[in-house]
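# Observations on chain architecture
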Amino acid sequence: MNVDAPTPLLGGLSPAAFMRRHWQKKPLLVRQAWPGATPPIDRAALFDLAGQEGVESRLLTCFDGGWKLRHGPFARRALPAVKRAGWTLLVQGLDLHLDAAHQMLSRFRFVPASRLDDLMISYATDGGGVGPHLDSYDVFLLQVHGRRRWRIGPVADGSLVDGLPVKILRHFEPTQDLVLDPGDMLYLPPLWGHDGIAVGECMTCSVGFRAATATELAREVLVRLGEDLEAPARELIYRDAAQPATATPGRLPASLQVFAEKALQRVLADPRALARAIGGVASEPKPQVWFDTKDDVQPLNDVAIALDRRTRMMYDDHHVFINGEAFRAAGRDARLMAQLADQRGLPASAMVQLSAPARALVDEWHEAGWLHPA
């Protein structure tokens, strides 16, 4: 992707210009961002998908003014009639299940892969929606079927209506009222209030991004650091030769606290250990993701390869990260692995340049179902 080239997807802006002017700053409405846009899945197939185990789906209804939320899987008879107004079916991670959805999500890879989360599809009957709310992450809302009315605006009061199964803003005062047709797209930065209401039957694809809190990230990184920690050949042992007799045995010795603090500081002071932990967290697939492993597969030899649509792959200056695992990489292997992560594939001409250890890794990933012959 040429990030400096203007694109209709962003209203004639280049990805570089969009990131400077709008990303996490202000909304952008793009008419006909995706001319001829169609749903990556039709209604019947979507209903079938929502009935499968391992597919994250939700049904939200607002009949007679009462909000109800249910989680899938759903038998087809459990869904309301399509002629009944006021209900919405949400299917998360559509890109994990359909190549068409994965390709649609790939159009947004001008944002780092560590931030790109998934593509959700929202099917709604007339008047359906999820109520006025705000998200803690950026989102692109692409209309792919029918029409949806969006009321958007900054939120001064983030208080919510009590007693509802969904987080609906108590006081929402929109500043813009927009109707999106198929192919139109709306970008919203985090914490920007929005309320989407179907105008007749409609489908909307939402491209969402990961946005961990500082506490969440610290917790997951510390767990990774602990899992990655190896004892040195000469391990330090806690010693307290100067410890006097005590009349307060229940009191924690200050020397033990200092010993533990120094041990933790040594771990955090290793930049590569911290990088491995962060990369492992960022590339970890969602819990419901699984891969089709293969038994007794033949080596890939010199064929082009492509990452599986469910695979998350990233890299830094010293490591390659794939589906939560970290590997050291340097030289030509590192450059080729970076190409695989950026382009989500390698041509046969690049495969022959990999070293024997790197080729062995690629074969292991093939057996695990993480990549396939292109």
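To be clear, the structure that these remarks concern was listed above.
The paragraphs below set out a description of the structure included in this document. Computed from a prediction, not measured in an experiment: that's the story for all the values here.

## Remarks on the overall build of the chain
Along the backbone of the chain there are nine helices and 15 strands. Judged by the C-alpha coordinates and their principal axes, the chain covers about 75 × 65 × 45 Å. Considering only residue pairs separated by 6 or more positions, the chain has 75% of its internal contacts joining residues 24 or more positions apart. Charge-centre separation for the chain: the mean point of 42 positive side chains lies 4 Å from the mean point of 44 negative side chains.

## A closer look at the sheet that holds strand β13 (residues 325-328)
Spatially, three strands are ordered β11-β12-β13 in an open sheet, and the strand pairing comes out antiparallel. What marks the edges here is a single partner per strand, and that holds for β11 (313-315) and β13. For this sheet the average axis-to-axis angle between neighbouring strands, irrespective of direction, equals 20°. Of the strands in this sheet, β11, β12 (319-322) and β13 touch helix α6 (residues 271-282), which is tilted by about 25° from β12.

## With respect to helix α9 (residues 356-367)
Between its first and last C-alpha, α9 extends 17 Å over 12 residues, near the 16 Å set by a 1.5 Å rise per residue. Listing the buried residues of α9 in full gives Ala358, Arg359, Leu361, Val362, Asp363, Trp365 and His366.

## Brief notes about the pairing of β13
Inspection of the sheet shows β12 paired to β13 by four bridges, in the antiparallel sense. The partner of histidine 319 across the bridge, within β13, is arginine 328. Connecting β12 to the antiparallel partner β13 that follows it, the hairpin turn spans two residues, and asparagine 323 within it adopts a positive phi of roughly 50°.

## Thoughts on the packing of aromatic side chains
Any pair of aromatic rings gets described here by the distance separating the centres and the angle formed by the planes. Counted according to the given criterion, the structure contains 16 aromatic pairs. With 5.0 Å between their ring centres and 80° between their planes, phenylalanine 18 and tyrosine 187 make a pair best called edge-to-face. Here the residue phenylalanine 18 occupies a position in helix α1 (residues 15-21), and tyrosine 187 occupies one in strand β8 (residues 185-188), the gap between them amounting to 169 residues. Look at phenylalanine 18 and you get buried, because its relative accessible area is 0%. Judged by its relative accessible area of 1%, tyrosine 187 is buried. Here the aromatic residues Phe18, Trp23, Phe108, Phe110, Phe140, Tyr187 and Phe209 are joined through ring pairs into a cluster of three or more. It is arginine 107 that lies over the ring of tryptophan 34; its NZ or CZ is 4.2 Å from the centre.

Rules used throughout
Residues numbered from 1 in each chain as written. Predicted model: local features only at pLDDT ≥ 70, side-chain atom pairs only at ≥ 80, totals over all residues. Heavy atoms only, no water. Helix = DSSP H or I, 4+ residues; strand = E, 2+ residues; numbered from the N terminus. Contact = heavy atoms within 4.5 Å. Lys, Arg positive; Asp, Glu negative; His and termini not counted. Charge placed at Lys NZ, Arg CZ, Asp CG, Glu CD. Pairing = 2+ DSSP bridges. Axes fitted to C-alpha atoms, helices over the stretch in contact; angles between N-to-C directions. Expected span 1.5 Å × (residues − 1). Buried < 20%, exposed > 50% of the residue type's maximum accessible area, 1.4 Å probe, protein only. Phe/Tyr/Trp six-rings, centres within 6.5 Å; stacked < 30°, edge-to-face > 60°. Lys NZ or Arg CZ within 6 Å of the ring centre and 35° of its normal.

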